[in-house]
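# Fold and contact review
This is what each chain is made of:
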Amino acid sequence: AREYLLKRVTSADAKFKEQLSIDDVAVEIESSRLDVERYIEKPADIFAYPKGKYTEEIVSYLKNNNWRAAVGVREGTVSYDSPLFALPRNSIDSRI
């Protein structure tokens, strides 16, 4: 199951690069969420932007579709004034 999820994330990342419509991006986001929820057996409501790339349209979609927050790739720690849909995170391997 873990290998399937890794392939799924890699596939979603490639599709994000293709300039998909917001409707197509939404399908990818939600189908990936379902896969993750099945794997972890818990709700998934924090999104990680593939390679940290996002648009205001994607942020708006997440805000309006039951996502609590999203993380990019900018290094840092979260504070009370951090934007919920552009949270910083600490990289495990910043070479990737």
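It should be noted that the structure appears before, not after, this text.
A brief structural summary. None of the values given here were measured: they were computed from a predicted structure. (Residues numbered from 1 in each chain as written. Predicted model: local features only at pLDDT ≥ 70, side-chain atom pairs only at ≥ 80, totals over all residues. Heavy atoms only, no water.)

What follows deals with helix H3 (residues 56-63). Looking at H3, one finds that the buried residues are Ile-58, Val-59, Tyr-61 and Leu-62. Relative to the axis of H3, the buried residues are bounded by an arc of 160 degrees and lie together on one face. Exposed side of H3, more than 90 degrees from the buried face: Glu-56 and Lys-63 are the residues found there. (Buried < 20%, exposed > 50% of the residue type's maximum accessible area, 1.4 Å probe, protein only. Helix = DSSP H or I, 4+ residues; strand = E, 2+ residues; numbered from the N terminus. Arc of directions from axis to C-beta.)

Another aspect to go through is the environment of Asp-35. On the secondary structure map, Asp-35 appears in helix H2 (residues 22-40). Overall, Asp-35 belongs to the buried group, its relative accessible area being 10%. For Asp-35, the side chain forms a polar contact with the side chain of Arg-38, separated by 3.0 Å. (Polar contact = N/O pair within 3.5 Å; in protein donor to acceptor, adjacent residues only side chain to side chain.)

So, on to the pattern of salt bridges. Throughout the structure, instances matching the rule amount to 3 salt bridges. Taking the shortest distance from any N to any O, the salt bridge between Glu-30 and Arg-33 comes out at 3.0 Å. On the criterion of helical spacing, the pair formed by Glu-30 and Arg-33 is a turn pair, its members being 3 residues apart in helix H2. Judged by its relative accessible area of 22%, Glu-30 is partly exposed. Residue Asp-35 pairs with Arg-38 through a salt bridge whose shortest N-O separation is 3.0 Å. (Salt bridge = Lys/Arg side-chain N within 4 Å of Asp/Glu carboxyl O.)

This part takes up the packing of aromatic side chains. Taken as a whole and judged by the stated rule, the model has 3 aromatic pairs. Summarising the aromatic geometry, the rings of Phe-47 and Tyr-49 are spaced 5.6 Å apart at their centres and angled 75 degrees between planes, so their arrangement reads as edge-to-face. Plain terms: the ring middles of Tyr-49 and Tyr-54 are 4.2 Å apart, the flat faces sit at 25 degrees to each other, and that makes the pair stacked. Overall, Tyr-49 belongs to the buried group, its relative accessible area being 1%. With relative accessibility at 35%, the residue Tyr-54 sits in the partly exposed group. One aromatic cluster is present, formed by Phe-47, Tyr-49, Tyr-54 and Trp-67 through successive ring pairs. Cation over ring: Arg-33 sits above Trp-67, and NZ or CZ is 3.8 Å from the ring centre. (Phe/Tyr/Trp six-rings, centres within 6.5 Å; stacked < 30°, edge-to-face > 60°. Lys NZ or Arg CZ within 6 Å of the ring centre and 35° of its normal.)

Attention shifts here to H2. In this model, H2 (19 residues) spans 26 Å end to end at C-alpha, consistent with the 27 Å of a helix rising 1.5 Å per residue. Along H2, the residues classified as buried are Val-25, Ala-26, Glu-28, Ile-29, Ser-32, Arg-33 and Asp-35. Once H2 finishes, Glu-41 follows within two positions and takes phi at roughly 55 degrees, a positive value. (Expected span 1.5 Å × (residues − 1).)

Across the chain, the bulk of peptide bonds are trans and the bulk of non-glycine residues have phi less than zero. Even without being glycine, Lys-51 reaches a positive phi, approximately 55 degrees. For Lys-51, the location among the structural elements is in the loop between strand E1 (46-48) and H3. Residue Lys-51 is classed as partly exposed on the basis of its relative accessible area of 47%.

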